[in-house]
Structure formats: structure tokens, C-alpha cells
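Observations on the three-dimensional arrangement
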Amino acid sequence: MKNLLKIFFILLMGVMVIYAQGNKDIVDKAQKVTVRLQQKLLLSNDQTEKIKNLVIENYTQIKENKTSVLETKVISLLNDKQKEKFNIIKKDWLLSISQQSK
């Protein structure tokens, strides 16, 4: 019984390490694309953090090139001037996110 518990514990720790590494990659990629958007749209720190979280939350959909939900949510966080700029650059930005997720 003790050996079985040890094996289970070792497997659990291994899975946690692998998941943490994968999650760190997603966070790093989200950070890169969000900073790029921050620089182009002059986002506030609050907007930047919210958009980064949106990219992380929608990562699975982004990998499948389903970015319409993300686009809608990002637009809802922008002011009018930022929305105008976003409409100009959104195609390239969304493409860069899709490329980062692969």
C-alpha cells in the first residue's frame, strides 16, 4: 500500500510540473502579444492586464483560430480612440496571437 501511494505521489508531482511548464508558456506568449497591443493602443496597465487574462482564458479557442469572442471582449475594454486604432491593426494582431499559440 505504501509503494502504491509513493507511485501515485510521484505521478501527481510529474503531472503538476508538466502542467506548470505548459501554463508558463501560455502566460509568456500572452504577455508578448499584450505588450505589443499596449504599445500600439497606449493601453492603461489595467486594460493590459485584463486583455492578457482574456488571451490566457481564450487560448484554446485561439489555437483553433476562433478569435471572434476574444476580439469582442477586447473591444469592450477600449475607449473610442483605441477602438479606431484597434480596427486598423486587429487583423495583424489576431494573426500574431494565432502564430504565437502554435
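First, a word on what this report is: a plain description of the structure on this page.

Thresholds applied
- Residues numbered from 1 in each chain as written.
- Predicted model: local features only at pLDDT ≥ 70, side-chain atom pairs only at ≥ 80, totals over all residues.
- Heavy atoms only, no water.
- Helix = DSSP H or I, 4+ residues; strand = E, 2+ residues; numbered from the N terminus.
- Buried < 20%, exposed > 50% of the residue type's maximum accessible area, 1.4 Å probe, protein only.
- Contact = heavy atoms within 4.5 Å.
- Areas by Shrake-Rupley, 256 points an atom, 1.4 Å probe, with all protein chains shown as cover.
- Core = buried A, V, L, I, M, F, W, Y, C linked by side-chain atoms within 4.5 Å.
- Patch = residues over 30% accessible without salt bridge, like charges linked within 9 Å, V, L, I, M, F, W, Y side chains within 5 Å.
- Salt bridge = Lys/Arg side-chain N within 4 Å of Asp/Glu carboxyl O.
- Axes fitted to C-alpha atoms, helices over the stretch in contact; angles between N-to-C directions.
- Parallel < 35°, antiparallel > 145°, perpendicular 65-115°, else oblique.
- Left-handed = near helix turned anticlockwise from the far one by under 90°.
- Phe/Tyr/Trp six-rings, centres within 6.5 Å; stacked < 30°, edge-to-face > 60°.
- Expected span 1.5 Å × (residues − 1).
- Arc of directions from axis to C-beta.

1. Observations regarding the overall build of the protein chain
- Looking only at helices and strands, one finds five helices and zero strands in the protein chain.
- In the protein chain, the succession of helices and strands from N to C terminus is α-α-α-α-α.
- Scored against the burial criterion, the 102 residues of the protein chain give a buried share of 29%.
- Within the protein chain, contacts between residues separated by at least 24 positions form 61% of all contacts whose residues are at least 6 apart in sequence.
- Put simply, the protein chain shows about 7200 Å² of open surface, and 60% of that area lies on carbon and sulfur atoms.

2. Looking at the nonpolar core
- By size, the foremost hydrophobic cluster in this structure holds 17 residues, and its most contacted members are Leu37, Ile51, Val55, Leu70, Val74, Trp93 and Ile97.
- Those elements giving two or more residues to this core turn out to be helix 1 (2-41), helix 2 (45-57), helix 4 (68-76) and helix 5 (80-100).
- Here the element with the most residues in this core is helix 5; it accounts for five residues.
- Aside from chain neighbours lying at most four places away, what touches Ile97 is Val33, Val55, Ile62 and Leu70.

3. Regarding a nonpolar patch on the surface
- Together, Met1, Leu4 and Leu5 line one region of the surface with nonpolar side chains, adding up to about 390 Å² of accessible area.
- Residue Leu5 is classed as exposed on the basis of its relative accessible area of 53%.

4. Some thoughts on the packing of helix 2 against helix 4
- Closest axis-to-axis distance for the helix 2/helix 4 pair is 10 Å, and the angle between their directions is 165°. Looking at the two axes, helix 2 sits roughly antiparallel to helix 4. Helix-helix and strand crossings are classified by hand; for helix 2 and helix 4 the assignment is right-handed. Contact residues: helix 2 offers Ile51, Leu54 and Val55, while helix 4 offers Leu70, Lys73 and Val74.

5. Side note on the packing of aromatic side chains
- As enumerated under the stated definition, the model contains one aromatic pair in all.
- With centroids separated by 5.9 Å and ring planes inclined at 70°, the aromatic side chains of Phe86 and Trp93 adopt a geometry described as edge-to-face.

6. Describing the pattern of salt bridges
- Summed over all chains, the structure comprises four salt bridges.
- A salt bridge links Lys50 to Asp46; the nearest nitrogen and oxygen atoms lie 3.2 Å apart. Of this pair, Lys50 and Asp46 both sit in helix 2, four residues apart, which is roughly one turn of that helix.
- Among the ionic pairs, Lys52 bridges to Glu49, the shortest N-O distance being 3.8 Å.

7. Quick look at helix 2
- With 13 residues, helix 2 ought to run about 18 Å at 1.5 Å a step, and its terminal C-alpha atoms sit 18 Å apart, in line with that.
- Those residues of helix 2 not exposed but buried are Gln47, Thr48, Ile51, Lys52, Leu54 and Val55. Buried positions in helix 2, seen along its axis, are confined to an arc of 160° and lie on one side of it. Turned more than 90 degrees off the buried face of helix 2, the exposed positions are Asn45 and Glu57.

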